[in-house]
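Summary of the model geometry
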Amino acid sequence: MLTAGCVALSCLTFVLGYTLGRVARRRTRIETRWNDQATFATLHLAAMAAPALRTGLTRDSARKAVRHLHALLGTHAVAITSTDVALAWDGPCAEDVLGYARATLASGRAQVFAGEPYGAVVVPLAVDGTIVGALAVFDEELSAGLVRTVTEVGRWVSGQLELAELDSSRRRALEAEMRALRAQISPHFVYNALTTIASFVRTDPNRARELLLDFADFARYALSKTHDFTTLADELSCVDRYLLLERARFGDKLRFSLQVAPEVLPVPVPFLCLQPLVENAIKHGMRDRGGIGEVRVVARDAGPEAHITVEDDGTGMDPERARRVLDDDPTREGSGIGLANVDLRMRQIYGDGYGLVVETALGAGTRVRLRVPKAQLGHM
């Protein structure tokens, strides 16, 4: 009996241990599943609020973000203020929300305000060290955990607003660069074009008139474009106007061929990304060949990208010199709109992997390749 009892007790202990183990494992799985769901919900709500905040702190962005922040915190109410006005709120907030915010803005630190039936935790929002507003959270119980949570959420909101400022600074820099780019249209080209037109005024007035209209069309496109992007079709049209003027100058010495897949004509491309490459090919490709040369432009469909090449049959250059050309300062006075400028803009817009690729060698001509993603970036 004792032996059977021991065996039964051992079995019972095993079964109990197995059952408890299953219960523990099941509880662990349930807790893990709950934690996973909570993590997903937190990240999802943050992701929903981020796009609005990345546009900067405005009444509209605050209105779009505050309801997601309210759901994220799970408190009675949430409000967002600027330094002088309540921008948006979700849930019934205290009437003195701006008063709470001003006290926090003045101190530059998180503040806790007791109240009935709801108190408030208010934290400052800062961009690059400058306080731009406040995040106010209202709830029945103001625990230390809530204060820490609101403080961390406030830091995250401030981080999004700083990213918005960086995006804005980047856009301003690109716009300033584009304005400078338009101002750098080669003065030599303008002088040569007008001189060529003048040479036809007496001998062929009709040709002079046509060339003058072509020059006006080119100048209108190059100097008056209001967007940073255009279509490849429009860019090629600009190149065509440019070549008409250069052909009038060089005559049959300049040969040009164009091969374009129809599928890539609507692809958005950075404004004035091709004409400088063609100008560079003519200038350097024909310079050492007695003013005789051929320039070829090929644009083909490559799935998610358009691949464009500009090639000349000139004397080429040493690859090390080509590297120095790309590394040249595009803002240097007298540099014009060269390879370095186009290369820099391509990298700024699409990333370093989309810079120009120059294939050249002495006596082998020069080929410049660029890749343009077909996906529209929202700049047009």
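Residues numbered from 1 in each chain as written. Predicted model: local features only at pLDDT ≥ 70, side-chain atom pairs only at ≥ 80, totals over all residues. Heavy atoms only, no water.

Below, the discussion takes up the sheet that holds strand E10 (residues 305–312). The 5 strands are arranged E7-E9-E10-E12-E11 in an open sheet whose pairing can be described as mixed. Since the sheet does not close on itself, it has two edges, and those belong to strand E7 (254–260) and strand E11 (357–360), each with one partner. Here the strands of the sheet are splayed against their neighbours by 15° on average, with no regard to which way each runs. In the sheet, E7 pairs with strand E9 (residues 293–302) via 7 bridges, with the strands oriented parallel. Following the sheet pairing, Val260 is matched in E9 by Ala299. (Pairing = 2+ DSSP bridges. Helix = DSSP H or I, 4+ residues; strand = E, 2+ residues; numbered from the N terminus. Axes fitted to C-alpha atoms, helices over the stretch in contact; angles between N-to-C directions.)

A few words on the packing of aromatic side chains. Following the criterion strictly, the structure yields 6 aromatic pairs and no others. The interplanar angle of 20° and the centroid separation of 4.5 Å between the aromatic rings of Tyr100 and Phe113 together place this pair among those described as stacked. Pair noted here: Tyr100 is in helix H3 (residues 97–107) and Phe113 is in strand E3 (residues 111–113), with a separation of 13 residues, a long-range link. Looking at Phe113, the relative accessible area reads 16%, which means it is buried. Arranged with centres 6.5 Å apart and planes meeting at 85°, the rings of Phe229 and Tyr350 form a pair that is edge-to-face. One end of the pair, Phe229, is in strand E6 (residues 229–231); the other, Tyr350, is in helix H10 (residues 339–350), with 121 residues separating them in the sequence. Exposure remark for Phe229: the relative accessible area of 5% places this residue in the buried category. Overall, Tyr350 belongs to the buried group, its relative accessible area being 14%. (Phe/Tyr/Trp six-rings, centres within 6.5 Å; stacked < 30°, edge-to-face > 60°. Buried < 20%, exposed > 50% of the residue type's maximum accessible area, 1.4 Å probe, protein only.)

Before going further, it helps to spend a moment on empty space enclosed by the protein. All chains considered together, the criterion is met by 2 cavities of 30 Å³ or more. Approximately 40 Å³ is the volume attributed to the second largest cavity. Lining the second largest cavity, in full, are Leu277, Asn280, Ala281, Val310, Asp312, Thr366 and Val368. Here the lining of the second largest cavity gets 3 residues from one element, more than from any other, and that element is helix H8 (residues 275–287). Looking at side-chain class alone, the lining of the second largest cavity contains 4 nonpolar, 2 polar and 1 charged residues. (1 Å grid on protein atoms, 1.4 Å probe; cavity = no way out; pocket = protein on both sides within 12 Å on 5 of 7 lines; lining within 4 Å. Points joined across faces, edges and corners; volume = space filled by probe spheres on them. Nonpolar A, V, L, I, M, F, W, Y, C, P; charged D, E, K, R; others polar.)

The next subject is the confidence of the model for the protein chain. Within the protein chain, residue pLDDT values average 78, and 77% of them lie at 70 or more. Per-element averaging of pLDDT across the protein chain places helix H1 (residues 2–53) at the bottom with 51 and E10 at the top with 94. Scored below 50 in pLDDT, residues 1–32 shows 1 contact in the model against residues more than four places distant or in partner chains. (pLDDT = per-residue confidence, 0-100. Contact = heavy atoms within 4.5 Å.)

Our next topic: unusual backbone geometry. Positive phi outside glycine occurs at Asp128, with the angle close to 55°. Note on placement: Asp128 falls in the loop between strand E4 (119–127) and strand E5 (130–139). Its identity as a non-glycine residue notwithstanding, Leu272 has a phi of 55°, on the positive side. Mapped onto the secondary structure, Leu272 falls in the loop between strand E8 (268–270) and H8. A relative accessible area of 0% places Leu272 in the buried class.

On the basis of which strands lie adjacent, the open sheet formed by 5 strands has the order E2-E1-E5-E4-E3 and antiparallel pairing. For this open sheet the edge positions go to strand E2 (86–90) and E3, each flanked by a neighbour on one side alone. Ignoring which end each strand starts from, the neighbouring axes of this sheet average 20° apart. Across 9 bridges, the pairing between E4 and E5 is antiparallel.

Bringing the nonpolar core into the picture now. In this structure, Leu274, Leu277, Val278, Ile282 and Leu370 are the most contacted members of the largest nonpolar core, which totals 51 residues. At the level of secondary structure, the elements contributing two or more residues to this core comprise helix H5 (187–203), helix H6 (205–224), helix H7 (232–250), H8, E9, E10, H10 and strand E12 (366–373). Here this core takes 9 residues from H7, the largest share from any one element. Excluding residues within four positions of it along the chain, Leu370 makes contact with Cys273, Leu274, Leu277, Ala306, His307, Ile308, Met346 and Leu356. Counting 23 residues, the second largest nonpolar core, distinct from the first, contains Ala62, Val66, Leu135 and Leu146. (Core = buried A, V, L, I, M, F, W, Y, C linked by side-chain atoms within 4.5 Å.)

With 12 residues, H10 extends 16 Å from end C-alpha to end C-alpha; this agrees with the ideal 16 Å at 1.5 Å per step. Inspection of H10 places Leu339, Ala340, Asn341, Val342, Asp343, Arg345, Met346, Ile349 and Tyr350 among the buried residues, and these make up the whole buried set. Downstream of H10 by one or two residues, Gly351 has phi in the positive range, about 115°. (Expected span 1.5 Å × (residues − 1).)

This paragraph deals with the pairing of E9. One face of the sheet, then the other: side chains in a regular strand alternate in exactly this way. The sheet contact formed by E9 and E10 spans 8 bridges and is antiparallel. The partner of Arg296 across the bridge, within E10, is Glu311. Linking E9 back to E10 in an antiparallel pair, the connection comprises 2 residues, with Gly303 at a positive phi of about 70°.

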